[in-house]
Amino acid sequence: MKAAVHTSYGPPDVVRIAEVEKPVARDNQVLVKVHATTVNRTDSALRAAKPFVNRFFTGLTRPRVTVLGNEFAGEVEAVGRSVTSFEVGDRVFGYNGTRFGTHAEYLTVPEDGSLATMPANLTFEEAAASTEGSHYALSMMRKAKLRSGQDVLVYGATGAIGSAAVQLLKRLGARVTAVCGLEHVELVRGLGADRVIDYTAEDFTKDTQTYDVVLDAVGKSSFGRCKRLLKPRGIYLSSDLGPLSQNPLLALITPLLRGKKVLFPIPRDNQEMVRYFKELLESGEFRPLIDRRYPLDQIVEAYTYVETGRKLGNVVISVEPSTSEARFIAG
Ligand SMILES: NC(=O)c1ccc[n+]([C@@H]2O[C@H](COP(=O)([O-])OP(=O)(O)OC[C@H]3O[C@@H](n4cnc5c(N)ncnc54)[C@H](OP(=O)(O)O)[C@@H]3O)[C@@H](O)[C@H]2O)c1
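None of the values given here were measured: they were computed from a predicted structure.

The six strands lie next to each other as β10-β9-β8-β11-β12-β13, forming an open sheet whose pairing is parallel. Only two strands of the sheet have a single neighbouring strand rather than two, namely β10 (195-198) and β13 (261-263). Strand after strand, the sheet turns through a mean of 20° between neighbouring axes, direction not considered. Sheet topology note: the strand β11 (residues 211-216)/strand β12 (residues 230-238) ladder contains five bridges and is parallel. Looking at the pairing, Val 213 lines up with Ile 235 of β12. Contacts from helix α5 (residues 160-172) reach β8 (151-155), β9 (175-180) and β11, with the element oriented near 165° to β8.

This is how it looks when you write it as structure tokens:
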């Protein structure tokens, strides 16, 4: 089968399209024929090995996982002997955050992994973009035990995580202030923000309102800069380690003290979350924001675009059956 493979760390062009062995479903797995996937910031960070600390998990000198990609939507082509909840022909979508491998024509996923049957009202491309940014957003919201009526500021409301966070917070009944660039103010209002701050005209950290939660979904602020925006027991959440990789440490220390604190949840693969997103997608309460679409053959261009830091929500990859010869890479 055709896959986007990288055997060394580096810039987008370390990735090439190659023939690799098609996986076979084990007893507890489903084999998915992938129709769409995404390139996201996790894929970029792992491919580039940035930050360096990633290498302790992904391979010190070269990547152990050579086919990246963690979101997928496609059709079940085969099921293992013990699989009872999925059938051949089911349209499924989900998130393979620990095993990766979705930048390929086929993928195996455990039956109890992060997958669900697709909502009927969704395209493969929409379904593929529905689980990664949104599961980061939801994990942060759950960790902060956010409730209806709370005031939340979302910094970076046009990213994959930020655009999902605004929608999920609105559904929860939070009062949402979103920070984005001028050209996307109306779009972000459409996602459900009650108030929008244009970061090109205003420094949001000088805002006079205070918040129960500040959620930095673009990784460009810090607890120190946002502290004055927080109510006395307010919570700072970030999707990034922080400028000095300080957020995990602050998340250990600040909850021990009374007052404002940092939380830094690390989301896990979780089937319940995919089912939750399925419900919201069916009811129309959540829709992934999709920017550009690329065919798998142009994945290097997709990576290059993602790494501009300017994408609007998600970048989707359409995976069509092989049309061209690709060099075979074993394993
Ligand atoms: N998505 C993931 O898989 C993932 C996973 C883990 C961690 N993270 C981290 O989470 C952060 C967000 O990732 P993402 O994929 O959601 O989005 P992203 O690609 O980082 O965000 C792109 C968006 O951020 C906006 N933006 C850039 N600078 C901004 C600023 N100073 N103020 C407000 N908006 C700004 C851009 O809008 P303009 O063009 O208008 O500036 C663009 O729409 C990244 O730091 C990433 O490393 C992401």
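The subject of this paragraph is the environment of Thr 254. Mapped onto the elements of the fold, Thr 254 is located in the loop between α8 (247-253) and β13. On the basis of relative accessible area, Thr 254 is assigned to the buried category, the value being 7%. Taking C-alpha positions, Thr 254 is 43 Å from Tyr 294, a pair spaced 40 residues apart along the chain. Non-local contacts of Thr 254, meaning those with residues more than four positions away in its chain, are made with Phe 223, Lys 260, Lys 261 and Val 262.

Attention shifts here to helix α10 (residues 299-306). Every buried residue of α10 is accounted for by Ile 299, Ala 302, Tyr 303, Tyr 305 and Val 306. The arc enclosing the buried residues of α10, seen along the axis, measures out at 165°, which places them on a common side. Buried residues in α10 make contact with β1 (2-5), β2 (16-19), β3 (29-39), α1 (41-48), β14 (290-295) and β15 (314-318).

Thresholds applied
Residues numbered from 1 in each chain as written. Predicted model: local features only at pLDDT ≥ 70, side-chain atom pairs only at ≥ 80, totals over all residues. Heavy atoms only, no water. Pairing = 2+ DSSP bridges. Helix = DSSP H or I, 4+ residues; strand = E, 2+ residues; numbered from the N terminus. Axes fitted to C-alpha atoms, helices over the stretch in contact; angles between N-to-C directions. Contact = heavy atoms within 4.5 Å. Buried < 20%, exposed > 50% of the residue type's maximum accessible area, 1.4 Å probe, protein only. Arc of directions from axis to C-beta.

These figures come from the coordinates and say nothing about function on their own.
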